[in-house]
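# Coordinate inspection notes
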Amino acid sequence: MNPNELRASIPALEEVVYLNTGASAPLPRPVAEAVQSCVTEQGYRAPTEEGMYTYAFEVYDEARRAAAGLLGADESEVALTQSTTDGINRIACASEWEAGDVIVTTDVEHSAGELPWRRLADLHGVEVRIVETDRGRLDPDDVADVVDEDVRLVSLSATEWAYGCRLPVEAVTELAHDVGARVLVDAVQAVGARPVDVESWGADFVAAAGHKWLLGPWGAGFLYVREGAEDWLTPRQIGYRSVEDANTADYEYKPGAQRLEVATTNPAPYAGLVEAIERAQADGVDVRMERIAALTGYLKSRIPDEKLLSPPSFHSGLVTVEVDDPEGTVERLDEQGVKVRVIPSIDCVRVSVHAFNTRADLDRFVEGAGLTA
């Protein structure tokens, strides 16, 4: 990977210091061009040749293959979604729930991994057990204390969004499977930022999207459903993309994850997703991670220990900092051309460090935020 070439491919970086990839990434030119090319191909050329639907389905197939390769999964285990939230909701809404069922989650989940379970509690009387963390650090023993035979699902992030901590997915999955529960992982803060192997995780469902660390467009998400785990799902929605043959009297859902794809969707974001994944793999996701680790290490060395809320050791490119007046600090930095964000749940400022960033970017943040070590 050449970080200078990656940086030069992103037009937004000519204008600002961008340290908010954990929210949404600035697009590289080749990714934007892939999106634009898909619109043109489908709208101009495909109607005169293979047809717009045929072209779109070719893009869908390519996107599934790309996502499967990124995750270490089989193509049949991947469904295309619009976002991480969309993927999580497809699992929540395709499962049978009864009063007394238990869902276990953590206190540092994004709303995408928290609101669906609250809704199930309101609709079906499901119990939601929340495991407390120590500023994002999750102890598997604390999970073991609340996981019993009533638990049907454990939901957690691979990298939680508030402090940037990696959560012990493998250990939690083992605990859940020991009592017959399923595991759903929100991986949107992991894919593209570090290598992900869903087989080693052992989780049943993994939801993610391309518009953060993969440097992809909005509207292109993907959902992993482990082979056999689809038997746990009874989809509430149905459409021509989710069944084997929409024209038969007795419909039959497709095997695997694709039963969760329903209807016509815009192929252009998925064309951008393919380009983003291919670029990440060409760079080497592990190489990108090594640069992120080096840059976050430098940033943490410049932040006073008492101000650093994230772990001192490397977990992710998310670095959370305590400052006076977080909202005012973000506004002041914005005026200086430095983009970061507030995490309202813990009233702090979060910096997202990607491989395209530089030490000079991080110096701009430290100086603009009034931090010294």
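Here we summarise the structure given alongside this text. Owing to the predicted nature of the structure, the values given are computational and were not obtained by experimental measurement. (Residues numbered from 1 in each chain as written. Predicted model: local features only at pLDDT ≥ 70, side-chain atom pairs only at ≥ 80, totals over all residues. Heavy atoms only, no water.)

Right, let's get into the overall build of the protein. What the protein contains, in helices and strands, is twelve helices and twelve strands. Its C-alpha atoms give the protein a radius of gyration of 21 Å, near enough to 21 Å, the size a compact globule of 373 residues would have. A total accessible area of about 15,600 Å² is found for the protein, and carbon and sulfur atoms account for 46% of it. Considering the protein, the positive charge centre built from 33 side chains and the negative charge centre built from 65 side chains are found 5 Å apart. (Helix = DSSP H or I, 4+ residues; strand = E, 2+ residues; numbered from the N terminus. Rg over C-alpha atoms; globule rule 2.2 N^0.38 Å. Areas by Shrake-Rupley, 256 points an atom, 1.4 Å probe, with all protein chains shown as cover. Lys, Arg positive; Asp, Glu negative; His and termini not counted. Charge placed at Lys NZ, Arg CZ, Asp CG, Glu CD.)

Moving on: the sheet that holds strand β5 (residues 151–157). Taken in spatial order, the seven strands line up as β2-β8-β7-β6-β5-β3-β4 in an open sheet, and their pairing is mixed. The two strands at the open ends of the sheet, each matched to only one other strand, are β2 (78–81) and β4 (127–131). This sheet shows a mean twist of 20° between the axes of neighbouring strands, independent of strand direction. One ladder, built from five bridges, connects β5 with strand β6 (residues 182–186); its direction is parallel. By the bridge assignment, L153 is partnered in β6 with R182. Sheet strands touched by helix α3 (residues 52–71): β2 and β8 (221–225). Its angle to β2, the strand with the most contacts, is close to 120°. (Pairing = 2+ DSSP bridges. Axes fitted to C-alpha atoms, helices over the stretch in contact; angles between N-to-C directions. Contact = heavy atoms within 4.5 Å.)

What follows concerns the sheet that holds strand β12 (residues 348–352). Taken in spatial order, the three strands of this open sheet run β9-β12-β11, and their pairing is antiparallel. Looking at which strands have only one partner, the edges of the open sheet turn out to be β9 (318–321) and β11 (341–343). When the angles between neighbouring strand axes are averaged without regard to direction, this sheet yields 40°. By the bridge criterion, four bridges tie β9 to β12 in an arrangement that is antiparallel. Opposite V321, over in β12, you have V349 as the bridge partner.

Among the nonpolar cores identified, the biggest contains 54 residues, and V185, V191, W201 and F222 are the most heavily contacted of them. Looking at which element gives the most residues to this core, the answer is α3, with ten residues. In this structure V185 touches L156, S157, A158, V169, W201, A203, F205, V206 and A207, once residues within four positions along its chain are discounted. Core analysis: the next-biggest nonpolar cluster, separate from the first, contains 23 residues, L295, L333, V349 and L371 among them. (Core = buried A, V, L, I, M, F, W, Y, C linked by side-chain atoms within 4.5 Å. Buried < 20%, exposed > 50% of the residue type's maximum accessible area, 1.4 Å probe, protein only.)

Close contact between helix α4 (residues 84–93) and helix α5 (residues 115–124) brings their axes to 10 Å; oriented N to C, the two are set at 25°. What the angle tells us is that α4 and α5 run roughly parallel. Between α4 and α5 lies a crossing whose hand is right-handed. Where α4 approaches α5, its residues I88, N89 and A92 are matched on the opposing element by P116, W117 and L120. (Parallel < 35°, antiparallel > 145°, perpendicular 65-115°, else oblique. Left-handed = near helix turned anticlockwise from the far one by under 90°.)

Moving on: the pattern of salt bridges. If charged atoms from side chains of opposite charge come close, those side chains can pair. Enumeration over the complete set of coordinates arrives at 20 salt bridges. A salt bridge links E114 to R118, with the shortest nitrogen-to-oxygen separation between them at 3.1 Å. For R118, a relative accessible area of 46% corresponds to the partly exposed category. Within the structure, one salt-bridge network assembled from shared partners comprises E41, R45, E49 and E50. (Salt bridge = Lys/Arg side-chain N within 4 Å of Asp/Glu carboxyl O.)

Time to look at helix α2 (residues 29–45). Under the 1.5 Å per step criterion, the end-to-end length of α2 is 22 Å for 17 residues, consistent within 8% with the ideal 24 Å. Buried within α2 we find V31, A34, V35, C38 and Q42. The buried residues of α2 occupy one face: seen down the axis, they fall within an arc of 95°. Lining the buried residues of α2 we find α3 and α9 (268–283). (Expected span 1.5 Å × (residues − 1). Arc of directions from axis to C-beta.)

Within the structure shown, the criterion is met by six aromatic pairs. The ring of F57 carries R241 above its face, with NZ or CZ at 5.9 Å from the centroid. Here the guanidinium or amino end of R241 rests over the ring plane of Y60, the centre of that ring lying 4.0 Å away. (Phe/Tyr/Trp six-rings, centres within 6.5 Å; stacked < 30°, edge-to-face > 60°. Lys NZ or Arg CZ within 6 Å of the ring centre and 35° of its normal.)

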